[in-house]
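Chain and residue survey
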Amino acid sequence: MARVFSGIQPSGTLHLGNYLGALRRWVPYQDSDDTRFCIVDLHALTLDIEPAALRAQTLDTALAYLAAGLDPARAVLFVQSHVPAHAELTWLLECTASYGELARMTQFKDKAARGGSHQELVRASLLTYPVLMAADILAYRTEKVPVGDDQRQHIELARTVATRFNARYGDVFVVPDADIAPVAARIMDLQQPDRKMSKSIPSPAGRIDLTDTPDEIRRKVRRAVTDTAAEVAYDPDRKPGIANLLDILAAALDDGGSPAVLAERYASYGALKADVADAVVALLEPFQARLAAWRADAGEVHKLLAAGAAAARAEAEHTLGRAREAVGLLAPA
Ligand code: TYM
């Protein structure tokens, strides 16, 4: 039984990439492993976000966890800011990580570059964010972190920091492993198949949100950018748009067919797109029905999150206490 931890930022509406790359993959771990899933609200403050939107999206993300099938009876579900130990552990780990290794992170370079010549407006937390993520993971002595491909580098940093801390101060942390799916670990934007589908890029046409109606889903898939060589083949480098649709189909059908094998079934892009749209609509229909049911019971969701936070606090404070002692902080009398 492995200790499993993962989380999603409530920085926008969840999309198909979040679902196929992460959320849906978490559900089976509840049966076999020791799981905790967190709504990482502090991370959403690294970019400017309306306070009311942050609050609403935090609850919406919790509803999505429950609608996906996460079960508070089997997994600890909680909001990151309800467990102050994450922020305190971050400080100790910032004193372990180096400026250079944070400045090299791809996601930092991308998001900071969007600040252009206004670097004074790029939040310092965008640089230190992977350390907060390391704290999330290490606080629970996590062994396995199921995520999409874009988080690989951040988990590598968590491993580096844990190893360095243990070598300097003694064995406090477990060195975690990333757990990345072989298919659909990187769903691309439908309009720009060379960029990943993302909450933080304002491109509703290229992104399938988990709350989209069947009509919206069909329209977005129909308009997905492909290429002019009308041959269906799985070739992510030469045919990124078609490869992305095949990845989505393989993950959504979940019948064991690889994207390359599925490609052989299709003689035209139109037929492929029709099947992708059907598969995504069928995948999201039961999720959306459960989402509506949970939304009608928001009072209960607040209670579940409070109970999850209480359980998480006990675990995280235990690890934090060991880390405080290891680095030499004087315990209060
Ligand atoms: P976030 O909120 O950007 O994404 C949440 C999860 O969804 C995956 N994902 C994707 N998978 C496939 N295709 C895509 N286009 C796609 N976009 C996103 C992400 O890989 C992720 O698994 N830093 C993290 C959140 C975090 C975290 C943690 C994760 C904070 N602390 C501790 C694990 C453990 C993030 O911003 O994910």
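Residues numbered from 1 in each chain as written. Predicted model: local features only at pLDDT ≥ 70, side-chain atom pairs only at ≥ 80, totals over all residues. Heavy atoms only, no water.

**A word on the overall build of the protein chain**
Secondary structure summary: the protein chain contains 13 helices and five strands in total. Against the globule reference of 20 Å for 333 residues, the protein chain gives a C-alpha radius of gyration of 21 Å, in line with a compact fold. Expressed as a percentage of the 333 residues in the protein chain, the buried residues total 50%. Sequence separation of 24 or more characterises 77% of the internal contacts of the protein chain that already satisfy a separation of 6 or more. For the protein chain, the distance from the average site of its 37 positive side-chain charges to the average site of its 43 negative ones is 2 Å. (Helix = DSSP H or I, 4+ residues; strand = E, 2+ residues; numbered from the N terminus. Rg over C-alpha atoms; globule rule 2.2 N^0.38 Å. Buried < 20%, exposed > 50% of the residue type's maximum accessible area, 1.4 Å probe, protein only. Contact = heavy atoms within 4.5 Å. Lys, Arg positive; Asp, Glu negative; His and termini not counted. Charge placed at Lys NZ, Arg CZ, Asp CG, Glu CD.)

**Overview of the site of the ligand**
In the vicinity of the ligand, 28 residues are found, and the nearest of them are Tyr-129, Asp-136, Asp-150, Ile-187 and Lys-199. Within the backbone of Gly-17, an N or O atom sits 3.1 Å from a nitrogen atom of the ligand. The backbone of Gly-148 places a nitrogen or oxygen atom 2.8 Å from an oxygen atom of the ligand. Burial of the ligand by the surrounding chains reaches 96%, relative to a free accessible area of 710 Å². Here the ligand occupies the largest pocket. At the level of elements, strand E1 (3-8), helix H1 (16-26) and helix H7 (124-138) are the ones that each hand at least two residues to the shell around the ligand. Its residues assigned to classes, the shell around the ligand shows 13 nonpolar, 10 polar and five charged. (Near = heavy atom within 4 Å. Polar contact = N/O pair within 3.5 Å; in protein donor to acceptor, adjacent residues only side chain to side chain. Areas by Shrake-Rupley, 256 points an atom, 1.4 Å probe, with all protein chains shown as cover. 1 Å grid on protein atoms, 1.4 Å probe; cavity = no way out; pocket = protein on both sides within 12 Å on 5 of 7 lines; lining within 4 Å. Sits in = over half its atoms within 2 Å of the grid points. Nonpolar A, V, L, I, M, F, W, Y, C, P; charged D, E, K, R; others polar.)

**Section: empty space enclosed by the protein**
Where empty space is left can be seen by rolling a probe of water-molecule size over the atoms. Under the defined criterion, the tally for this structure stands at two cavities of 30 Å³ or more. Estimates place the volume of the largest cavity at around 50 Å³. Listed by contribution, the elements that provide at least two residues to the lining of the largest cavity are helix H6 (106-113) and H7. Per-element accounting of the lining of the largest cavity gives the leading share, three residues, to H6. Split by residue class, the lining of the largest cavity holds three nonpolar, three polar and one charged. The computed volume of the second largest cavity comes to approximately 40 Å³. Around the second largest cavity, the lining residues are Ile-39, Ala-62, Tyr-65, Leu-66, Leu-77, Val-301, Leu-304 and Leu-305. The class makeup of the residues in the lining of the second largest cavity is eight nonpolar, no polar and no charged. (Points joined across faces, edges and corners; volume = space filled by probe spheres on them.)

**Here's the deal with the environment of Gln-191**
You can see Gln-191 is positioned in the loop between strand E5 (177-179) and helix H9 (214-222). Of the polar contacts made by the side chain of Gln-191, one reaches the backbone oxygen of Arg-223; its length is 3.1 Å.

**Some points on the domain arrangement of the protein chain**
By domain assignment, the protein chain separates into domain 1 (3-180 + 297-327) and domain 2 (204-292). Taken over C-alpha atoms, the centre of domain 1 sits 29 Å from the centre of domain 2. Listed by partner, the interface residues are 11 residues for domain 1 and 15 residues for domain 2. Note on domain 1 versus domain 2: buried area summed over both sides is about 1,200 Å², and carbon and sulfur give 72% of it. Our count for the contact surface shared by domain 1 and domain 2 stands at zero salt bridges. The tally of links from domain 1 across to domain 2 stands at four residue pairs in polar contact (both at pLDDT 80 or more). For the side of domain 1 that touches domain 2, the secondary-structure elements that each account for two or more residues are H1 and helix H3 (51-68). Counted by class, the side of domain 1 that touches domain 2 contains eight nonpolar, two polar and one charged residues. (Domains from an automatic or database assignment. Buried area = accessible area lost by both parts, 1.4 Å probe. Salt bridge = Lys/Arg side-chain N within 4 Å of Asp/Glu carboxyl O.)

**Points about the layout of surface pockets**
Put simply, the largest pocket is a space of about 970 Å³. Lining of the largest pocket is provided by 44 residues; of these, Gln-107, Tyr-129, Asp-150, Gln-151 and Lys-196 occupy positions nearest its centre. Breaking the lining of the largest pocket down by element, the ones donating at least two residues are E1, H1, H6, H7, strand E4 (144-146) and helix H8 (152-169). Here the lining of the largest pocket takes five residues from H1, the largest share from any one element. Its residues placed into classes, the lining of the largest pocket shows 17 nonpolar, 16 polar and 11 charged. Taken as a whole, the second largest pocket spans an internal volume of roughly 250 Å³. Asp-41, Leu-54, Arg-55, Thr-58 and His-82 are, among the 14 residues lining the second largest pocket, the residues nearest its centre. Mapped by element, the contributors of at least two residues to the lining of the second largest pocket are H3 and helix H13 (298-327). Taken together, the residues of the lining of the second largest pocket sort by class into eight nonpolar, four polar and two charged.

**Considerations on unusual backbone geometry**
One non-glycine residue with positive phi stands out, namely Arg-141, at about 50°. Assignment of secondary structure puts Arg-141 in the loop between H7 and E4. With relative accessibility at 28%, the residue Arg-141 sits in the partly exposed group. Backbone geometry places Ala-184, a non-glycine residue, at a positive phi of 70°. Within the fold, Ala-184 resides in the loop between E5 and H9.

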